Amino acid sequence: MDDNTEHSPKNWTESDVSNWLGSIGVKDHYIKKLHEEEVDGKILLSLDEEFLKTKICMKLGPAHLIIQKRDELINSNRTPQGKNKPSEGKKTERGQKTQQKPPQNVATSDEQPPAQIPVVEERDTGQEGSGLMSKADCKPRPFDEEAIDFMYFKNRVLLPESGAFNLIHPCHEFKSLATAVNLDRTRLQAKFAKEVLKFACGCMNTRTNGTIHFGVMDSKEGKGHVHGEIIGIPVPERDIYVDALDYIERCFSSDEEHVRQCVRPPRFIEVMDQDSTDQRYVVEVDIVPTISIVKSKVYEVRLPNFKESANKVEFEKPAVLRRVGSKTEPVIDLSNFYQRTKDRDAQREEAEKSQCFSIPAISQNLGRKLTMLITGGTKVMKEDQWFILVTNKLQPDHLCNIDWLLNMKMFCVFDFDPDSKKSGLCSKYLQHHAANMHSLQSYVIPTDVTLTDFTTRLHLFDQTSWIFCNGRSDFKGSEPPCDEMTWIKTKMTLLRESVSLICKQILPRGTYQVIFLLTSPVEKPLLHTFFQFFTDMKGHEDIICICELETNFLKWKSFVEGLCDAETVDNGSVVGMEMTHIDATIQRLQPVKVRASKYLPVFVKATCVLDTPTEEQMFSLEILTVDHCDETCKDSINDEKGKIESQFYHGGRVTWLNFWLAEQKYVGEVIERDAYKEVSNLLDEALTIDEDQTPVKSINIFHHPGSGGSTVARQVMWNRRKDLRCAVVKPSHQFDIVAQHAVELREYQEKDPQRCLPVMLLIEDSDQEYLDDLRNELEVAMNVKRIKCGRPCFILLSCRRSHNPEKMCKNFPLQNVSVTHKLSGIEKRKFAEKRKVLKGQYEPQFILTFVLMSEGFSAGYVTEFVGHLLQGIDHESVDTRLILYVALLNTYVQNSFISQSHCEAFLALTFHMERFHQRKFEELLSDQAKLVFLHLRDDKTHIQSIRIIHPLVAQEILIQLLDSSDTQSNLAMQLLCEKVLLEHRFGKEDFRSFLRALFIKRTRISKGDKHDSLFSPLIEHVREKEKNPDKATELLVEAFQQFNKDPFIAQQLARLQYTKEKFEEAKYWAETATKQLPNNSYILDTKGQVYRKWFLAKCKTLDKVPKTAKNTADAVETALKAQECFQECQRAAAAEREHINSSGHFAEVEVGSSLLKLISSVSVFANKNSGHTECMKYLLTDYIPEEVEQDWEPFHDRLKHLFKSMEECLEWISEDLSYFQTDSGADEEQTTEIPEEKIHHPLMWLAKKSAEFGKYYSEKASDGPISLVNLKPFQKRMAIYRLGGGNVTAILYKLTDKNAVPLLENILSLYPSNPLRAKLLPNDVVNYIMTHITLNCLSPQGKAPLLKDLQALCHPFIADKEKCSPSALFLLTLVFWPEDQDTDSEKERKYEIVQSAVDYLDKGYRTKIKDIPQRKRRLYTHFFLGGRSGLDKFVHKRKFENILKTLSVPEKRLKWFSGEAWKNPEIGKTLKLVSGWTEDGLVYLDGPKKKRFRLLPLHVPSVPHSDENISFYLGFTFRGPVAGNITVKK
């Protein structure tokens, strides 16, 4: 044989086969027999031992030899996979997948290295040098079977054309028809008929079954394809091929009826092509020469040919044809052929008889198979396993047996039934569960939306997502259902994106299973869905196919076998099992009873059923029911109880199952700490009936991290679940959604909203702002519903981390409880006893955290404990590095973790993902990692993650594993550069969020931290403990790069650099941040602070030398640049709708004060005699001294504008504080935004800066007494500023100083003796009147002007309210408030003035407050209406401070907020009780006749819900008069 023949056995002739058989030692008589049977190369490739033994009568030995040597020959000619590179030419997509596998020791950026996908069998093309890849084999359609749903896939290869084998097994012939398909109807029909009838005649005469395939490449046709390769042909009209068989009557002169019976009508088998939407088919014709028809017959055919010359169809001469090997050839020796007719008939008859006897198929154990597939080889389904269902139309009898689906944690359903919501599976499912209706378009993520926001918006982990893949008939906004090809063109891309999003970004591999439930005939969209899941899941191991009817399965199977081998398809499919049996089998495997009822307590001391859809619609709440956990199957509990208990005592968060197991006596009791009784007592007090009860009560548990605060809170809820309605607020939900669901829970199945049980909500690890927003939302809801509160409607049980729980308790002893690491004497005894019990049940390593807790987390014990855990650790191993990374995050970032998927990628763990054989992640960790890692499961997503068992253990691990050369900063840098962790897809947002927080999240006392910091704790550690500020800079620079040049990290770098006095670098980073966020007021504030600090540093340097205009010019320029930045900050803050950032105004005043100090110290202005006068002349007039003219030339205009800008800033701050004025330090723990330099005592600061401003611009710069002789009006104004009378807030601040009376009198002496005639400026009028009112509050017996004189001064304000400042409008409401002795007409006129002023005040307030949440819109009440007349009727709020002076600031605020402070008898004696009424929840003043006078209530819950006559105390705010202590008149 030549080389070519040796390399291409499929091209061998019968002689070539005989030569090869001789070369391997086969005996001659066997070679002769095979030659007689016309065995050529193609037939040789299809032979098996059974054929050789039965048909050739060959002995077992030579038969085995032939098959073995044949296989070796094939393998020697096939390019070994993964070793030799393929020759040039295009690879198929499949070929690429099977050849490009990642190295086993390198983790991919996916969730883990791809599983080993079974490689489908591939065959050599036999075309050496053609550059073609070997292509996947596929099986032909089942022969001559009706109603078979089957399909082919483009570019797959059918077995070679074959000759007569056993007469029943069909021979095959391929025709591409690639050229002929483009012919006209007549020519195409002639071509098709010729090939079919030629093949049919050969088969009938040879008595063999056969199939001729059109759309399959023959070896003679087309380059670029292999023999048997499926390409398909377009079939616009099927009748062309069907009608072509009408040539039978014209081609066969006799027995044409027999031919009709043997030649089956054409079958059109669709060809799937993943890369094209063109519809193609393989046209097949089966030939079945049944012996009863063909017996004794020899058929002669005249084949049709279209003659182009004659332009018509002509017929060839009659010929008798037979099958010779893989070909159809004319019979040459006709006499011999006719003589052997009986032999051929006998062979056919015997073959047909043997076909009738077949061994019945052995029934599979489908129940066990289904069990193993669903549970992953265990006895019970996992509770945390997500399922994705893909299904088509369910029949009515199927819908009666879907209980097994109802108990599954269904992530989403891909539903191809457009009527599903109306009459299908969706409608049935919605009777038992809530679900969100989506389309494929819903799963397209907008570019500006994060993955977290996307999953939240679609509620993907809250409720089942029902994805209608082909329209939805009940929905008006849906596109109509479309046919298969239209779907492929319009919807397939969306499906691909949806599946990829779920498999590659949302659900990590191994956390979910995909079930294809095939209950109707399979169509192409369903197959495309499987292909996408198979591709994105990198294999078949987590995909299950359930199909009741085998006929529906065949098309599915033909598709799937093209992706993986037949055994894999069979192992992953359950076929032929009735839906009733599926339902019963899976229900037995589910850990929770199907349709188990849940119960809630009701007001009348009974219970009601909580139906599941309603529960799921309240998705922001985890509702604790009366019979919680009772639905748990007892079998699963016996297996899991030990694991559940040890997980808790190892450091895991307590679950409801822990309490249930203890209550049911499966395990020992959970210890009740002392704090449990404290919380219970506070709860009992809160639930006592009281007429003045507020609708929402708060109880706060502040706890050391890891001290058991959450356990205490949940223990209280568990034991109160039968008396109250209890729920845990799930994280990440908006307060308004939570409030809505809480109200729904309260009123669920209660007829009367007035008679409902209180709802206790547990809120964990949220900030005070969220709690206040939630409280406010609930109160508003109860007020709208007019609920009469004898007892609270809601109890907010807040559980928050704090480094000083005891201090938090002292602030609010009536509603705060502390939980610390330190145990009381009673607690120590309880823990010691429990420890003995647990040591008898578990190994010490399984209860580590409990052991630490029982020792009170003493520092010495923690050190010893961690040292023992880390004994023998390999410092160089990747496991140890992972331990260090997790410890670093856990030490500095609260509630941080790393997803298990990240860990697997980092450790480069390769899992051979087969069904039932997934190695557990824990088993692959080092012994030390197994001990210190706590494995967590997200309550919402069920995604696995890890953290260190306790924060104190994490801190100690860093101390013990890091030496002086291997610092935390080096470790942080390594973590920042771990590309595998940073780029890993699953849990990417969480990981990057924790890592970002590690570098930029600052500590806050209000968040439970020890102190407020300028930098993150890690950066503070590097700066202070490691004494390496440069390393801190390196870390932040690297973080800036890794986080896509995050402007907030650039902001941190600017801060860090100016603390190191590296101002050029600080300027660079500040400008970098502002380029990205040019309108962020906080970043602009940082930029201004860079220049401010730079300016102060320059001033410090100048202090060492005499100051001249020349050497101060640089500092002046820097100060002016700082002021420009702060003015930009002010403009940006004004435009921001959700924040009120006043830092720009405060900072501008600070810089202005420092700049004035520098200017006044320059030599030309420092002269004691005339220097100050010269300075004021320069700053306030056009005059420029010669000494500064040249050096300060760029600054003259801006320096002369300094007075105006500072005055405007001081006035703005005064007005701002007038609205939101607070006690000193009162809001220290309430601030939500941290500006660069926080002003802790703004009132004191403003008074001080106003005085400084007045001092610099007054006639005399010294601090001596002010002479009134010859002072001009401007100089008097500056003197007033200097004394503290320059603005309303500074004046009112004097009320804190009992010795301020002489000072106020001095201020008044600076005003004209007849201010009405002097025509004061509007601001001066306001300050003058406010000074009189303040003086009168401090010294009522002093000589005060008559009220009517002050009213006269205010008349200009009445005439032009639109231009009035808020202070002027506020004064109108004060001084024109009617008095008892006024006549009715006077009262009415004054009411009109006040009401008009209030309208403008309210408008200004709404502009000022922007879009700040309702809860944060606090107003300060400056004065209350007293019982006296004149100026004596104004009682300032500070008068009551002495009454409440024994209380802390937070308690004081709470007393005012709740209304308890009003009950003090001293307040009642001082204030005047005013009458009014309520109508529809609004408060009106009794008095005005022409127009109703509406008042705002100080405390909304105090407003009665019915229309009542009321009395109240009247207060005055910058929004208008308010009503406090509203009481219904009896």
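Relevant structure appears above.
First things first, this report covers the structure right here in the doc. Only a predicted model underlies this, so the values are computations on that prediction, with no experimental measurement involved.

### Details of the pairing of strand β37 (residues 1520–1528)
Where strand β35 (residues 1494–1497) and β37 come together, two bridges link them in parallel fashion. Paired with leucine 1496 across the bridge in β37 is valine 1522. Pairing geometry for strand β36 (residues 1509–1517) and β37, over seven bridges, is antiparallel. Along β37, the bridge assignment pairs isoleucine 1510 with valine 1528.

### Here we look at helix α61 (residues 1322–1338)
Between its first and last C-alpha atoms α61 spans 25 Å; for 17 residues at 1.5 Å apiece the expected length is 24 Å, and the two agree. With respect to burial, α61 is a largely interior element, 13 of its 17 residues being buried.

### Here we look at unusual backbone geometry
Where the residue is not glycine, phi is negative for most of them; where a peptide bond is considered, it is trans in most cases. The backbone of aspartate 144 shows a phi angle near 50 degrees, a positive value even though the residue is not glycine. With respect to the helices and strands, aspartate 144 occurs in the loop between β2 (135–136) and β3 (151–153). Here aspartate 144 falls in the partly exposed class, since its relative accessible area comes to 24%. We note that leucine 177 has phi near 55 degrees; this positive angle belongs to a residue other than glycine. Turning to its location among the elements, leucine 177 is positioned in the loop between β4 (171–175) and α8 (185–206).

### Description of the packing of aromatic side chains
Taken as a whole, this structure holds 51 aromatic pairs when the rule is applied. An angle of 65 degrees between the planes, with centres 5.7 Å apart, marks the rings of phenylalanine 516 and phenylalanine 530 as edge-to-face. Placement of the pair is phenylalanine 516 in strand β17 (residues 512–518) and phenylalanine 530 in helix α23 (residues 524–536), with a sequence separation of 14 residues. Both residues of the pair, phenylalanine 516 and phenylalanine 530, count as buried. Taken together, the ring pairs connect Phe153, Phe414, Phe516, Phe530, Phe533, Phe534, Trp556 and Phe559 into an aromatic cluster. A cation sits over an aromatic face here: arginine 714 above tryptophan 656, 5.3 Å from the ring centre. One Lys or Arg, lysine 1177, reaches over the ring of tyrosine 1183 and ends 4.4 Å from the middle of that ring.

### A short note on the sheet that holds strand β16 (residues 464–468)
Taken in spatial order, the seven strands of this open sheet run β15-β16-β14-β13-β17-β18-β19, and their pairing is parallel. The open sheet has two free edges, formed respectively by β15 (435–439) and β19 (573–575), since each of these has just one partner strand. Direction aside, the axes of adjacent strands within the sheet are offset by 20 degrees on average. Strands in contact with helix α22 (residues 492–506) are β13 (386–391), β14 (409–415) and β17; relative to β14, the strand with the most contacts, it is inclined by about 160 degrees.

### Observations concerning the sheet that holds strand β22 (residues 621–624)
What the six strands build is an open sheet, ordered β22-β24-β25-β26-β23-β27; its pairing is mixed. The open sheet has two free edges, formed respectively by β22 and β27 (816–819), since each of these has just one partner strand. Within this sheet the neighbouring strands show an average axis-to-axis angle of 20 degrees, counted without direction. Note: strand β23 (residues 696–703) against strand β26 (residues 794–801), eight bridges, orientation parallel. Across the sheet, the residue bridging to serine 698 is leucine 796, located in β26. In this fold helix α33 (residues 768–784) packs onto β23, β24 (725–729), β25 (759–764) and β26, with an angle of close to 175 degrees to the strand it touches most, β26.

### Some points on the state of the cysteines
Overall, the coordinates contain zero disulfides when judged by the stated rule. Cysteine 1125 supplies the cysteine sulfur nearest to cysteine 1129, a cysteine that is in no disulfide, at a spacing of 9.5 Å. In this model cysteine 1364 remains outside any disulfide bridge; the closest cysteine sulfur is found in cysteine 1354, 9.0 Å from its own.

### A look at the side chain of glutamine 513
Topologically, glutamine 513 is positioned in strand β17. Exposure remark for glutamine 513: the relative accessible area of 5% places this residue in the buried category. Setting aside chain neighbours within four positions, we find glutamine 513 in contact with Leu373, Ile374, Gln385, Trp386, Phe387, Ile388, Asp542 and Ile544.

### Quick look at the packing of helix α42 (residues 968–976) against helix α44 (residues 988–1000)
Close contact between α42 and α44 brings their axes to 12 Å; oriented N to C, the two are set at 150 degrees. Our pair here, α42 against α44, has a crossing hand that is left-handed. Contacts between α42 and α44 involve Ala972, Leu975 and Leu976 from the first element and Phe991, Leu995, Leu998 and Phe999 from the second. Among the residues making up the contact of α42 with α44, the classes are represented as seven nonpolar, no polar and no charged.

### Examining the packing of helix α64 (residues 1366–1375) against helix α65 (residues 1384–1409)
Where α64 contacts α65, the two axes come as close as 8 Å, and the packing angle between them is 150 degrees. The angle between the axes of α64 and α65 places the two elements in the roughly antiparallel class. For α64 against α65, the interelement crossing comes out left-handed. When α64 is examined against α65, the residues Pro1366, Leu1369, Phe1370, Leu1372 and Thr1373 are found in contact with a partner set consisting of Val1394, Ala1397, Val1398, Tyr1400 and Leu1401. Here the residues of the contact of α64 with α65 are counted per class, giving nine nonpolar, one polar and no charged.

### A word on the pairing of β15
As paired strands, β15 and β16 are joined by five bridges and run parallel to one another. The residue of β16 that forms the bridge with serine 439 is phenylalanine 468. Once you follow β15 into helix α20 (residues 451–457) and on to β16, the crossover reads as right-handed.

### Regarding the environment of proline 140
On the secondary structure map, proline 140 appears in the loop between β2 and β3. Using a relative accessible area of 29% as the deciding quantity, one classes proline 140 as partly exposed. Sequence-wise, proline 140 and tyrosine 152 are 12 residues apart; in three dimensions their C-alpha atoms are separated by 8.2 Å. Leaving out residues up to four positions away in the same chain, proline 140 has contacts with Phe150, Tyr152, Leu158, His172 and His213.

### Section: the environment of isoleucine 1159
Its place among the elements puts isoleucine 1159 in helix α51 (residues 1143–1161). In this structure the C-alpha to C-alpha distance between isoleucine 1159 and alanine 1109, which are 50 residues apart in sequence, comes to 8.8 Å.

### Concerning the pattern of salt bridges
Overall, the coordinates contain 61 salt bridges when judged by the stated rule. Between arginine 881 and glutamate 978 there is a salt bridge, with the nearest N and O atoms lying 3.1 Å from each other. With arginine 881 in helix α38 (residues 878–892) and glutamate 978 in the loop between α42 and α43 (979–983), this pair connects stretches of sequence that are 97 residues apart. A salt bridge links arginine 996 to aspartate 1046, with the shortest nitrogen-to-oxygen separation between them at 2.5 Å. With arginine 996 in helix α44 and aspartate 1046 in the loop between α46 (1029–1042) and α47 (1047–1059), this pair connects stretches of sequence that are 50 residues apart. In this structure arginine 996 comes out as partly exposed when scored by relative accessible area, which is 27%. Connected through shared salt-bridge partners, Arg141, Asp144, Arg264, Arg267, Glu284 and Asp286 make up one network.

Calculation notes
- Residues numbered from 1 in each chain as written.
- Predicted model: local features only at pLDDT ≥ 70, side-chain atom pairs only at ≥ 80, totals over all residues.
- Heavy atoms only, no water.
- Pairing = 2+ DSSP bridges.
- Helix = DSSP H or I, 4+ residues; strand = E, 2+ residues; numbered from the N terminus.
- Expected span 1.5 Å × (residues − 1).
- Buried < 20%, exposed > 50% of the residue type's maximum accessible area, 1.4 Å probe, protein only.
- Phe/Tyr/Trp six-rings, centres within 6.5 Å; stacked < 30°, edge-to-face > 60°.
- Lys NZ or Arg CZ within 6 Å of the ring centre and 35° of its normal.
- Axes fitted to C-alpha atoms, helices over the stretch in contact; angles between N-to-C directions.
- Contact = heavy atoms within 4.5 Å.
- Disulfide = S-S within 2.5 Å.
- Left-handed = near helix turned anticlockwise from the far one by under 90°.
- Nonpolar A, V, L, I, M, F, W, Y, C, P; charged D, E, K, R; others polar.
- Parallel < 35°, antiparallel > 145°, perpendicular 65-115°, else oblique.
- Right-handed = clockwise from strand over helix to strand, strands pointing away.
- Salt bridge = Lys/Arg side-chain N within 4 Å of Asp/Glu carboxyl O.

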